[in-house]
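Remarks on the overall topology
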Amino acid sequence: MQAPLGVLTDLRNFLNGLSGSPSTTKSRTEVDSSEVVKTATNLLKNFPAAREAVLFYFCQVIDDSIKLHLSQSQIQNDNPAAKKRLVEKETAVALIHEALSSLIKWNPKGWAPIISTWSLRLLGQMSSYHSPHLQHGHANRGLNDTLQVWLDCRATRMLIDLTTQSLEDLNQSETGACINALLETSVEHSPHFDWVVAHIGGCFPHTVVTRILACGLQDFILYGTESGNISPKLNSVVGILAHLSFSHATNIQKAVLDLFLTSCTDMSEQHTAVVPYLLQLSSLSQDLLDIIVEQGVKAINQDTIPCFTQQAAIWTSKYFSGREALINLMVQQVVRCRQGGLAIINVLLQYGARHQPTFPREVASEFLEMLLNEAAQLVQASGRVMPSDVPFLQSLQPHVSNLCQMLLTHDTWQQGSVLRLLTLMALLQGPAVSIHVVTLLLQKKDPVKIVLLIRCYLKSVQGLHSQVVDTSVHEALTFQGRNLENTLLNVLQLVKFEQLGEPGAEVRCKFQSALNANLDFFPGLFFQDGQIPHLAVRLLNSIRLPEVIHPRLIAKLSYSSVPHFFTVLSMRGEGNKKEAQKILATLSSYPNGQALILRLLMQGVFSEEWKSLFGAETQPQKNPKPTSSSASLLMQNRNFCSSVTLPQRHSSVFHAGIIGNGIRNRHLANTNLEGSNDCNVEEVRSHINLLLDTLSQCCSFNPGGMTQLSLLLVEIVSPDVMFNGLIWPDEEFTKVTVERDLHIRRFVQDNVVVWDLLNLLAHNRPALCYCSVILRAILATLLSHWANCQERQAKDSREALDMTCKLIELMATGQLLPPPLSYLSEIIGHISPHEVHVLLKDVWAFMRDNIPTPALFGANERPSPSLWRDLSDYKMDPRYTERLRLIMLANIASLTAPQYLRGRTCGVCGDFNQEVAGEFKTPQRCAVSEGELMAASFKLSSSKGCSAPNMDDKISRRLKKETETCQPIDQQYHTHLPEYDTNAPTKCTRFEKLTHEGVSTNGQCESVELSAVCQPGCKPFMMISKPFTFKCQGDLQDFVSSITVPSSCIAA
């Protein structure tokens, strides 16, 4: 401590130096630079009352030095006097720096807070005062440039050094005054003071950040207790930390996390105010917001949740106007957060799950709901919204795959929340998110769940549907290693939902158009394993294909779908068969598809791979049967006589022996057929019916489809192209074509489906005309057979008889033969083979003289797509009918009505419906007792314009008496059908028992009587009402009911 006399001397010298003493000859500048600074330093140390004056003097020196430095640097003045004055001022500043620095080293606790506070306030004043001059000519000068300019100045650099020295020499707990000064100066002189904060914080990041947060918390506690007030230092704290976050974010993150964790140690005011304080900071700075939210999420765990739960009551009552205000503030902060979005979602989904305790679950679910609502308002705001406008959603963009995985959870609340989040991301960031989500979901199992998710998702992002769905379907069909079967099944369900539609829902789903855009991938799907081919076919059938498809694609689909059709036929189940049939019909609707489909179908029907499905005879193995006896025919005959006469003629008489292995087994072919086929009779019939139905559908799109089918059949059946025209030559010409005719007959015998194909063509007139070569070949072989047949009756040669009947019925159906030749099949079973040969010769003659050309067929008056040939104009020449008449007369006793006429006749001939009662009926269907009375009822009276004889009075009275109370025969009598073979039904009629099942009660009933049922392709001739007795089981009682059923069936 200096003596009082010395202090007085220093004070006098200091005052004289400031005012300039007249007794001295030294200039003021010389005094300033040498003696006054030393004297001022002594007074500052020994005379506290002079502290303000000394520091004020130092301020003047520093201000003069700054002015000279800035003037010199801006004007680039080369004046020696100015340079000299600047050097003198900088020398004084150096002396001040040395003096104040020595004081800090001498007593850090006493002088460091004083000098640092003075330095910071002086820096703030100088920065604000000289800022206009500093920015002159540099309007956009940044913080780094500003910092560099100020550090070039000796005076400001000295002040910065004094501040950093003070912070270095003090303990962390003793830096409060320095930090408070920094904050207060920043509040007063921001933003001109920012360069000071940036420099000091860069030198002591941990100390500055920790102390700034602590000081800000103290002021927040002081002012935050009064509603509506904000700490005046809070903006300064935010500004300083924001500057430091660019280069010292790690220090800030650590300090914030420590602050969060420290707040959970107890319930003191210092700790309960941490979360509201940090929320307040985050609302003032985007940089601090990112750091605080990220570290706050890390601080949430099972250990800290109870503490935060207890503090929440204090937060809402002391710092916020209520619970909703607190959550709203937190939601708004999270929405603005630019990083850590995935961690936030994970925490909210984790603690909002159903298995969590009540409190965290309710808070997490409410917070997530409000968060999604807030993000939705921003995304759906008017005007163009950029991804940067919603930083939270933008931060989730790199984590789309993680969010998609979350979407597959079994928790419906989590699932719905993630779905909404992905929807908002797609609306904000474009279709990339939607494509990723939809593609991932299409690969997953559980179609019901996946389809609903995709539908809900696409409904929300319907503005992006076209591109999203097309691209997603494309990726799902081509991506390797994924479950393609699940993809097809999910897409199929989505297409069904689209077709059902939703009233009032503005959803523009595009899966059908997306499939149309990716049709090129479907041909390859037909050759995949498992259910993929069937699902691909179902998909194609469920969508509406484009009106125009490239021929190349049609060909690829045809070559894929036809083999699939035959493959499906060999499987069980009708669903896949109908789907395979439908796609073939759809492809045939295209001009360039029908011809290819028909050709591929016909080739497949007769191919070695598939022909067994249609009852084709497979070639039996040729294993020669060993002869039971090695004796020759000559040696066997010598057992009866000593010698055998062999006259010189073309034949000899043998009395015993067996030629070869004996008579060939006529049923051998059928046995081989049954043994070689995997399909039973019912399955073969089902396959043929489906084939015929498929061909009919494929030909229905083009009037010439059946013609094309007939030409294809001729091409496959006939071995050459010679003599394949429509003309029927003379019968002698068959000797030229005998080899070909035999080949055609064997082909037809081996492939029974040929008859069905010909029958289909016959019903679609005049397509059968183009198959004349097949009909000629079969008829020629039959003529040869019947001419050489040794049987007594034609019915004994069963195979030839069946083929003859089929041929005649086929030609009659195709209207190639007029009556009565068209009914030959009804009588040939009752006549001899020779007579059959004669009648077939007449048929050949008629066909030769009346060439079956399509020109003979015209428009049909009936509602039928096929044409019609008017045969009523044909006046039959006796050459064709005379022998038929003679044969009929010769066999009249053995002829009866054909089976297919059952129920089709009427009048005096009866109805031939196998009824044993009520056979005699009047025109009004009244039953009478005798045929004489029935004939009398049909007799015309003379009043009708006829000169008929009068009816016998006795018969007239009897008829009147029996018809007075007329009731329809079907109601008057309970009729019984006679015994008949139901396993061999007529052509169009089969007989089955009727069944009845209870609706409200359990039980089933079955009729005692059989009822007529029409075969496919047939229709009822007449509907009659008949009583049926039902025997019931279960809760139902036996009953009798009158039901309307067909009397019989005829061809449609």
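Model, not experiment: these values are computed from the prediction. (Residues numbered from 1 in each chain as written. Predicted model: local features only at pLDDT ≥ 70, side-chain atom pairs only at ≥ 80, totals over all residues. Heavy atoms only, no water.)

**Points about the overall build of the chain**
In terms of helices and strands, the chain carries 45 helices and six strands. Relative to its full complement of 1052 residues, the chain shows a buried share of 45%. The long-range share in the chain, meaning contacts at least 24 apart out of those at least 6 apart in sequence, stands at 72%. On the chain, roughly 53,800 Å² of surface is accessible, and the fraction owed to carbon and sulfur atoms is 53%. (Helix = DSSP H or I, 4+ residues; strand = E, 2+ residues; numbered from the N terminus. Buried < 20%, exposed > 50% of the residue type's maximum accessible area, 1.4 Å probe, protein only. Contact = heavy atoms within 4.5 Å. Areas by Shrake-Rupley, 256 points an atom, 1.4 Å probe, with all protein chains shown as cover.)

**Points about the pairing of strand S5 (residues 1039–1046)**
With eight bridges joining them, strand S4 (residues 1023–1034) and S5 adopt antiparallel strand pairing. For Phe1028, the partnering residue across the bridge sits in S5 and is Ser1041. Between S4 and S5, which pair antiparallel in sequence order, lie four residues. (Pairing = 2+ DSSP bridges.)

**Observations regarding the sheet that holds strand S2 (residues 1003–1014)**
Each strand in a sheet pairs with its neighbour through backbone hydrogen bonds, running either in the same direction (parallel) or in the opposite one (antiparallel). Reading across the sheet, the four strands line up as S1-S2-S4-S5 and stay open at both edges, with antiparallel pairing between neighbours. In this open sheet, the two strands that pair with only one neighbour each are strand S1 (989–997) and S5. Adjacent strand axes in the sheet meet at a mean angle of 30 degrees, parallel and antiparallel pairs treated alike. In the sheet, S1 pairs with S2 via eight bridges, with the strands oriented antiparallel. Within S2, the position partnered with Glu997 by the bridge is Gln1004. (Axes fitted to C-alpha atoms, helices over the stretch in contact; angles between N-to-C directions.)

**Looking at helix H38 (residues 753–763)**
With respect to burial, H38 is a largely interior element, nine of its eleven residues being buried. Buried-residue contacts for H38 involve helix H32 (594–605), helix H35 (681–699), helix H36 (705–717), helix H37 (738–750), helix H39 (772–788) and helix H40 (798–813).

**Comments concerning the packing of helix H12 (residues 249–262) against helix H15 (residues 286–299)**
Axis separation between H12 and H15 bottoms out at 9 Å; the angle between their running directions is 45 degrees. Here H12 lies oblique to H15, going by the angle between them. Crossing angle aside, the handedness with which H12 passes H15 is right-handed. Contacts from Ala249, Ile252, Gln253, Val256, Leu257, Phe260 and Leu261 in H12 reach Leu288, Ile291, Ile292, Glu294, Gln295, Gly296, Lys298 and Ala299 in H15. Across the contact of H12 with H15, the residue classes tally to ten nonpolar, three polar and two charged. (Parallel < 35°, antiparallel > 145°, perpendicular 65-115°, else oblique. Left-handed = near helix turned anticlockwise from the far one by under 90°. Nonpolar A, V, L, I, M, F, W, Y, C, P; charged D, E, K, R; others polar.)

**A closer look at a nonpolar patch on the surface**
Together, Val448, Leu452 and Phe497 give the surface a local cluster of nonpolar side chains, amounting to about 260 Å² of exposed area. Mapped onto the secondary structure, Phe497 falls in helix H26 (residues 484–500). Given the relative accessible area of 30%, Phe497 is considered partly exposed. (Patch = residues over 30% accessible without salt bridge, like charges linked within 9 Å, V, L, I, M, F, W, Y side chains within 5 Å. Salt bridge = Lys/Arg side-chain N within 4 Å of Asp/Glu carboxyl O.)

**Things to note about the environment of Leu713**
Tracing the backbone through its elements, the reader meets Leu713 in helix H36. Owing to a relative accessible area of 1%, Leu713 belongs among the buried residues under this scheme. Beyond its immediate stretch of four places on either side in the chain, Leu713 contacts Met602, Phe606, Leu757, Leu758, Leu761, Cys771 and Ile774.

**Observations regarding the nonpolar core**
The biggest cluster of nonpolar side chains holds 175 residues, and the ones touching the most others in it are Leu393, Leu403, Leu422, Tyr457, Phe511, Leu713 and Ile774. A total of ten residues in this core trace back to one element, the largest contributor, which is H39. Ala112, Ile200, Phe204 and Leu288 belong to the second largest nonpolar core, which has 89 residues in total. (Core = buried A, V, L, I, M, F, W, Y, C linked by side-chain atoms within 4.5 Å.)

**Regarding the packing of aromatic side chains**
By the definition in use, this model includes twelve aromatic pairs. Measuring from ring centre to ring centre gives 5.4 Å for Phe565 and Phe566, while their planes differ by 70 degrees; the resulting arrangement is edge-to-face. Side by side, Phe565 and Phe566 carry an identical accessibility label, which is buried. In textbook terms, an aromatic cluster arises when at least three aromatic residues are bridged by ring pairs, as seen for Phe565, Phe566, Trp610 and Phe614. (Phe/Tyr/Trp six-rings, centres within 6.5 Å; stacked < 30°, edge-to-face > 60°.)

**Some words on the layout of surface pockets**
Put simply, the second largest pocket is a space of about 890 Å³. Taken together, 32 residues form the lining of the second largest pocket, with Ile300, Trp315, Met330, Val363 and Phe367 sitting closest to its centre. Sorting the residues of the lining of the second largest pocket by element identifies helix H14 (274–282), H15, helix H16 (305–319), helix H17 (323–335), helix H18 (341–351) and helix H19 (358–379) as the ones contributing at least two each. Take the lining of the second largest pocket: its biggest share by element is seven residues, from H16. Of the residues in the lining of the second largest pocket, the class split is 26 nonpolar, five polar and one charged. (1 Å grid on protein atoms, 1.4 Å probe; cavity = no way out; pocket = protein on both sides within 12 Å on 5 of 7 lines; lining within 4 Å. Points joined across faces, edges and corners; volume = space filled by probe spheres on them.)

**Structural notes on the environment of Ser1007**
Secondary-structure assignment places Ser1007 in strand S2. What makes Ser1007 buried here is its relative accessible area of 1%. Counting along the chain gives 34 residues from Ser1007 to Ser1041, while the straight-line C-alpha distance between them is 9.7 Å. The contact partners of Ser1007, leaving out residues within four places of it in the chain, are Lys993, Leu994, Phe1028, Thr1029 and Phe1030. Separated by 2.8 Å, the side chain of Ser1007 and the backbone nitrogen of Leu994 make a polar contact. A polar contact is formed between the side chain of Ser1007 and the backbone oxygen of Glu1009, at a distance of 2.9 Å. (Polar contact = N/O pair within 3.5 Å; in protein donor to acceptor, adjacent residues only side chain to side chain.)

**Some remarks on the pattern of salt bridges**
Per the stated rule, a full pass over the model turns up 20 salt bridges. Notably, a salt bridge pairs Lys841 with Glu731, separated by 2.7 Å at the nearest N-O pair. Placement of the pair is Lys841 in helix H41 (residues 833–849) and Glu731 in the loop between H36 and H37, with a sequence separation of 110 residues. Exposure remark for Lys841: the relative accessible area of 25% places this residue in the partly exposed category. Between Lys735 and Glu732 there is a salt bridge whose closest N-O contact spans 3.1 Å.

**Observations regarding the confidence of the model for the chain**
On average, residues of the chain score 78 in pLDDT, and 78% of them are at 70 or above. Within the model, the stretch residues 21–32 combines pLDDT values under 50 with 13 contacts to residues more than four positions away or in other chains. Ignoring residues within four places in sequence, the model shows residues 621–629, a span with pLDDT below 50, making two contacts including any to other chains. (pLDDT = per-residue confidence, 0-100.)

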